[in-house]
Amino acid sequence: MPMSDDFSTRLSNALPQIAEHFGTPFHIYDEKGIRETAKLLYETFAGVTNFREYFAVKALPNLSILKIMNDVGFGFDCSSITELILSRRAGGRGNDIMFTSNNTSPDDFNVASSDGGCILNLDDISLLDKVPDMPELLSFRYNPGDRRTVSNGIIGEPLEAKYGVSHEQLIDAYKKAKEMGVKEFGLHAMLASNELNYKFMVETTQMLLNLVKVLKEKADVTIKFINIGGGLGIPYKPEDAPLDIKKMGEEITEIYTDLKKNGVEAPDFIMESGRFVTGPHGVLVAKAINFKKIYRNYIGVDASMADLMRPGMYGAYHHVTVHGKEHLTHDQKIDIVGSLCENNDKFAVGRMLPEIKDGDLIVIHDTGAHGHAMGFNYNGKLRPQELLLKEDGSVELIRRKETEEDYFATLNFEKNTLSL
């Protein structure tokens, strides 16, 4: 959705000065908005047993951002060893870190178990035999198969997804883990991505709680926590209704309250949102550098799909505004494009915008998650800088832009030849 009025006002007042000082393009994030969202989550789920958010590091893997997450009490959800190491550098230790194993190598397991360890969330029953040091606390990622369907194709239907332990394997997985010495257990599922229907998340919660009872009866294990994953959506289009986080919190709280009334010891409640926490609190700012009129009208900017691949990869919508021209008549049908040698290098297609001239600042909204993080170097493109609009109004560089030296660094190595 368009950035919040508060973020928009604070950024707009200083944007030309920021662009002049740092140069374009850049992603810039709003510390105030991120902290307010963190507060909202804790208030919303205050009535649920030991609620904790584990920020999905893949959404915005920047050390300065992760330090904010640590400061507000979030843990870290990691999908790779690099993300795990980054989380430890941000202050996460032990059970502050959830490492969801996915086709995990022996080296990955060794790093995961070192330096205080983490909560290991296994993606496959076969991985039990590959964990070098079985932890006392272990979780499994559950894939319900055709028992659930999803609303979009980002993750894919559970029956076709590569993730998780199948329904038929689940009890055996917990029995085997218990036999191998595991003392405490978690249960995880990640079935949604950018989900705007809060009911789906409530249903996932109920599904996992039902499985907690089954696992107690059939595997004789007590589940310490359930983790409903991430996937809380944001309304990228102005006309989209936002996720009703208030109702989601109320209904999940009611489920937990009923468990307590019935004398059931409820497991801790965990989520691992990324997009919902940072997505609306970031924008990509680029400069218009060229107008091309052939069969369509094109505005070329100094950013490209390498800086934000969601529109090209998913056909995803990101709202676009032109700094200082937000209230002018939007009577120009325009494609906003980059310089990548790919025809899907487009931030907006057939978008109605005001007249744009060279030098205008183009603001692409909702890039605070899966924006810079999904960047790449095709065509030798160098990833842009990241900035933080701090609560005191200052703007801080939190990642410098890549240089040619960075790009060529992996070509500097000792000669290594295998003669056959």
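Scroll up for the structure.
Every value quoted in this text rests on a predicted model; they were computed, and no experiment measured them. (Residues numbered from 1 in each chain as written. Predicted model: local features only at pLDDT ≥ 70, side-chain atom pairs only at ≥ 80, totals over all residues. Heavy atoms only, no water.)

## Quick look at helix α6 (residues 170-179)
- When we look at burial in α6, the residues that qualify are Leu170, Ala173, Tyr174 and Ala177. Down the axis of α6, the buried set is contained in an arc of 90°. They therefore lie on one face. (Buried < 20%, exposed > 50% of the residue type's maximum accessible area, 1.4 Å probe, protein only. Helix = DSSP H or I, 4+ residues; strand = E, 2+ residues; numbered from the N terminus. Arc of directions from axis to C-beta.)

## Quick look at the environment of Gly324
- For Gly324, the position within the fold is in the loop between β13 (320-322) and β14 (332-337).
- Residue Gly324 is classed as exposed on the basis of its relative accessible area, which comes to 57%.
- Between the C-alpha atom of Gly324 and that of Ser12, which follows or precedes it by 312 residues, the distance is 8.0 Å.

## Some details on the packing of helix α3 (residues 63-71) against helix α4 (residues 81-89)
- Contact geometry for α3 and α4: axes closest at 9 Å, N-to-C directions at 60°. The pairing of α3 with α4 is recorded here as oblique in orientation. Judged by the sense of rotation from one axis to the other, the crossing of α3 with α4 is right-handed. Residue-level contacts link Leu63, Leu66 and Lys67 of α3 to Leu86, Ser87 and Arg89 of α4.
- Taken together, the residues of the contact of α3 with α4 break down into three nonpolar, one polar and two charged. (Axes fitted to C-alpha atoms, helices over the stretch in contact; angles between N-to-C directions. Parallel < 35°, antiparallel > 145°, perpendicular 65-115°, else oblique. Left-handed = near helix turned anticlockwise from the far one by under 90°. Contact = heavy atoms within 4.5 Å. Nonpolar A, V, L, I, M, F, W, Y, C, P; charged D, E, K, R; others polar.)

## Here's the deal with the environment of Glu184
- The topology assignment puts Glu184 in strand β8 (residues 184-188).
- Glu184 sits 38 residues away from Thr222 along the chain, and the two C-alpha atoms are 7.1 Å apart.
- Discounting chain neighbours no more than four positions away, the residues touching Glu184 are Glu136, Leu137, Leu138 and Lys224.

## Topic: unusual backbone geometry
- In this structure, Pro25 follows Thr24 across a cis peptide bond, with omega equal to 0°.
- Here Pro25 shows up in the loop between α1 (5-22) and β1 (26-30).
- Its identity as a non-glycine residue notwithstanding, Asn194 has a phi of 55°, on the positive side.
- Its place among the elements puts Asn194 in the loop between β8 and α7 (198-219).
- Assessed through its relative accessible area of 17%, Asn194 is described here as buried.
- Positioned with a positive phi, Asp220 is a non-glycine residue whose angle comes to about 55°.
- Within the fold, Asp220 resides in the loop between α7 and β9 (223-227).

## Some words on the pattern of salt bridges
- What the rule picks out here adds up to 21 salt bridges.
- Across the pair Asp220 and Lys178 runs a salt bridge whose closest N-O atoms are separated by 3.0 Å. Highlighted residues: Asp220 in the loop between α7 and β9 and Lys178 in helix α6, separated in sequence by 42 residues.
- Judged by its relative accessible area of 46%, Asp220 falls in the partly exposed class.
- Each of the salt bridges in this network shares a partner with another, and the network as a whole consists of Asp6, Arg10, Asp30, Lys32 and Glu36. (Salt bridge = Lys/Arg side-chain N within 4 Å of Asp/Glu carboxyl O.)

## A short note on the packing of aromatic side chains
- In the structure shown here, the tally under the stated rule is nine aromatic pairs.
- Here the aromatic rings of Tyr42 and Phe51 are separated by 5.4 Å at their centres, their planes lie at 70°, and the arrangement is edge-to-face.
- Since its relative accessible area comes to 26%, Tyr42 is described here as partly exposed.
- When its relative accessible area of 11% is taken as the criterion, Phe51 is described as buried. (Phe/Tyr/Trp six-rings, centres within 6.5 Å; stacked < 30°, edge-to-face > 60°.)

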